[in-house]
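Next come the chains, spelled out residue by residue.
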Amino acid sequence: MSTPLYDALKKFSGSRPLRMAMPGHKGKPIPGMGTEYSELDFTELPPTGNLYAPGGPIEQAEGLWAKEWGADHCLFLTGGSTQGIHTALLCGGKPGDTILVDRVSHRSIHTGMALLDLQPVWLERPWLAEAGIVGPIAPEAVEQALSCGKNIKTVCITSPTYYGVLSDVAEIARICHAHGAKLIVDAAHGAHLHLLGENCMKDADLVVVSAHKTLRAPGQSALLFAREPVTMEQLRAASMTFATSSPSYPMMAALDCVRAYYTDTGRSAYQKTAELTGALRRDYPSLKDTDGLLDPTRFTLCVEDGFAVEAALQQQNIYPEMADAGHVVFILTDCDGPEEFQRLRAGLDSLGLRKKQRRGSTLPPLPPLPETGASPRQAAFGEKKYVPFEQAAGEIAAEQLAPYPPGVPVVAPGEQIQKKALSYLGQIGYNKDVIACLVRQEGKG
């Protein structure tokens, strides 16, 4: 398969250039390591290309990603999906805009709103009491929010969620476009879904995926896909606002090789992972996919005490992605074959979980949305004080109050902390001694 960037770096390295430029290791071994990494680690030179300029092997590699994943453009990200979210928010509108935001949002969306002074209108999700999680976004909720007369031109949602819940991106995109709004999808946990027939790149305007989360890519490597009228020039210009001017060439070369692998043989491997995950769901108490609204490879175990199960598995050298009071979440990829699945099964069997009946969740529903006391920007950059958790009722939060992961805010920055929220956080095992709150300015509430 074609790997234009990797091939260009290998060819240039093989020519033994006199490297009188960054990085300082000059292609020599990094102490304690070999040369496999450093020999591909260059800066912007004519043979290597420039991430922020057109032409060259980087743009060729990005173009192959866009073509394969069904988008018009693709931008390599070496600062993770956080960099991609900030870039997408800037491409989606302009500072000061009002934005419709999924309440199930990663903290990068909150920091992005603060940096760009965006004003959120929150999009709530239904509570699934039996499962103990929030469900998919209802398209009619998006329609209602966009019809409220607030001149919303950007909508930002998360699909899939940490638990693997998918929303109907195609229908939500149709509604957004009918109202003249752009749709941003935080699909950080969904880079692999294209391989399984779920592709939101062809519907949404901007889609961010973390290649390192579910594909065979190194940490922090991610991708931002876009559809016209968003242009490649806009992606590059917006990204330069938030990204390093020295992106990692080995990371970008890895993205090039990863795409080639999945275009060639990796797709069938991921389909096998989906089959093995389906068998796990049948044999253990877990979220079941009855409506096609779950990531086929996300295994979310439903238990009475997720923290205890996670700790017990860690004692067996098995490390899940996350746990909460009622769930344990496992990220399964094409790197998990029959041997890894069998080892996981053995660990679950040792805890007596095989064929165990799944009970309804005892997790309480999320409390009502708090009142807003300050904008995200005011909350991020205003003067702060630290208040004991049990004394914080009535204060304005300067930080998210959210178990992390998954990072869904019970109280978002700039919102008033209510007793109900503190009670809920206590119920679900959220443990925090002090909370960062805004110092109220005289005459400003």
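Before reading further, recall that the structure is shown in the block above.
Throughout what follows, the structure given in this document is the object of discussion. (Residues numbered from 1 in each chain as written. Predicted model: local features only at pLDDT ≥ 70, side-chain atom pairs only at ≥ 80, totals over all residues. Heavy atoms only, no water.)

## Overview of empty space enclosed by the protein
Part 1: Inspection of the entire model under this criterion finds one cavity of 30 Å³ or more.
Part 2: Every residue lining the largest cavity is listed: Leu-89, Gly-92, Gly-93, Lys-94, Asp-97, Ile-99, Leu-118 and Thr-154.
Part 3: When the residues that make up the lining of the largest cavity are grouped by side-chain class, the tally is three nonpolar, three polar and two charged. (1 Å grid on protein atoms, 1.4 Å probe; cavity = no way out; pocket = protein on both sides within 12 Å on 5 of 7 lines; lining within 4 Å. Points joined across faces, edges and corners; volume = space filled by probe spheres on them. Nonpolar A, V, L, I, M, F, W, Y, C, P; charged D, E, K, R; others polar.)

## Section: the nonpolar core
Part 1: Residues Trp-65, Phe-76, Leu-183, Leu-215 and Phe-225 are the most contacted members of the largest nonpolar core, which totals 79 residues.
Part 2: Here this core takes seven residues from helix α9 (residues 249-283), the largest share from any one element.
Part 3: Residues Leu-422, Tyr-424, Leu-425 and Cys-437 belong to the second largest nonpolar core, which totals 18 residues. (Core = buried A, V, L, I, M, F, W, Y, C linked by side-chain atoms within 4.5 Å. Buried < 20%, exposed > 50% of the residue type's maximum accessible area, 1.4 Å probe, protein only. Helix = DSSP H or I, 4+ residues; strand = E, 2+ residues; numbered from the N terminus.)

## Describing the sheet that holds strand β3 (residues 119-123)
Within a beta sheet, neighbouring strands are joined by backbone hydrogen bonds and run either parallel or antiparallel to one another.
Part 1: Strand order in the open sheet formed by seven strands is β1-β9-β8-β7-β6-β2-β3, and the pairing between neighbours is mixed. Strands at the two margins of the open sheet, each flanked by one partner only, are β1 (73-77) and β3. The mean inter-strand angle of the sheet, taken between neighbouring strand axes irrespective of direction, is 20°.
Part 2: Strands β6 (154-158) and β7 (182-186) of the sheet are contacted by helix α6 (residues 169-178), whose axis makes an angle of about 150° with β7.
Part 3: Together, β1, β8 (206-209) and β9 (222-226) form the strand contacts of helix α8 (residues 232-242), whose direction differs from that of β1 by roughly 20°. (Pairing = 2+ DSSP bridges. Axes fitted to C-alpha atoms, helices over the stretch in contact; angles between N-to-C directions. Contact = heavy atoms within 4.5 Å.)

## So, helix α13 (residues 419-427)
Part 1: Burial in α13 covers these residues: Ala-421, Leu-422, Tyr-424 and Leu-425. Relative to the axis of α13, the buried residues are bounded by an arc of 160° and lie together on one face. In α13, the exposed positions angled more than 90 degrees off the buried face are occupied by Lys-419, Lys-420 and Gln-427.
Part 2: The elements touched by buried residues of α13 are β14 (434-438).
Part 3: One or two residues past the end of α13 sits Gly-429, with phi positive at roughly 85°. (Arc of directions from axis to C-beta.)

## A word on the sheet that holds strand β12 (residues 327-331)
Part 1: Taken in spatial order, the three strands of this open sheet run β10-β12-β11, and their pairing is antiparallel. Strand pairing shows two members of the sheet lacking a second neighbour, β10 (298-302) and β11 (322-323), which therefore form its edges.
Part 2: Sheet analysis places β11 next to β12, joined by two bridges and oriented antiparallel. Counted as the bridge partner of Met-322 is Val-329 from β12.

## Some details on unusual backbone geometry
Part 1: Here Met-22 and Pro-23 are connected by a cis peptide whose omega angle stands at -5°.
Part 2: As for its position among the elements, Pro-23 is in the loop between α1 (4-14) and α2 (56-69).
Part 3: Here Glu-228 and Pro-229 are connected by a cis peptide whose omega angle stands at 20°.
Part 4: Within the secondary structure layout, Pro-229 lies in the loop between β9 and α8.
Part 5: Its identity as a non-glycine residue notwithstanding, Lys-26 has a phi of 55°, on the positive side.
Part 6: One non-glycine residue, Asn-317, lies in the positive phi region at around 65°.
Part 7: Mapped onto the secondary structure, Asn-317 falls in the loop between α10 (306-314) and β11.

## Quick look at the pattern of salt bridges
Part 1: Under the criterion given, the structure shown has 17 salt bridges.
Part 2: For Arg-216, the salt bridge is made with Asp-334, and the minimal N-O distance between the two is 2.8 Å. Taken together, the residues span a long stretch of sequence, with Arg-216 in the loop between α7 (211-214) and β9 and Asp-334 in the loop between β12 and α11 (338-350) at a distance of 118 residues.
Part 3: Salt bridges linked by common partners bring Asp-283, Arg-345, Arg-354 and Lys-355 together as one network. (Salt bridge = Lys/Arg side-chain N within 4 Å of Asp/Glu carboxyl O.)

## Describing the packing of aromatic side chains
Part 1: Under the definition given, this model contains six aromatic pairs.
Part 2: An angle of 35° between the planes, with centres 4.9 Å apart, marks the rings of Phe-12 and Phe-42 as tilted. Here Phe-12, found in helix α1, pairs with Phe-42, found in the loop between α1 and α2; they are 30 residues apart in sequence, far enough to count as distant. Residues Phe-12 and Phe-42 agree in their burial class; the two are buried. (Phe/Tyr/Trp six-rings, centres within 6.5 Å; stacked < 30°, edge-to-face > 60°.)

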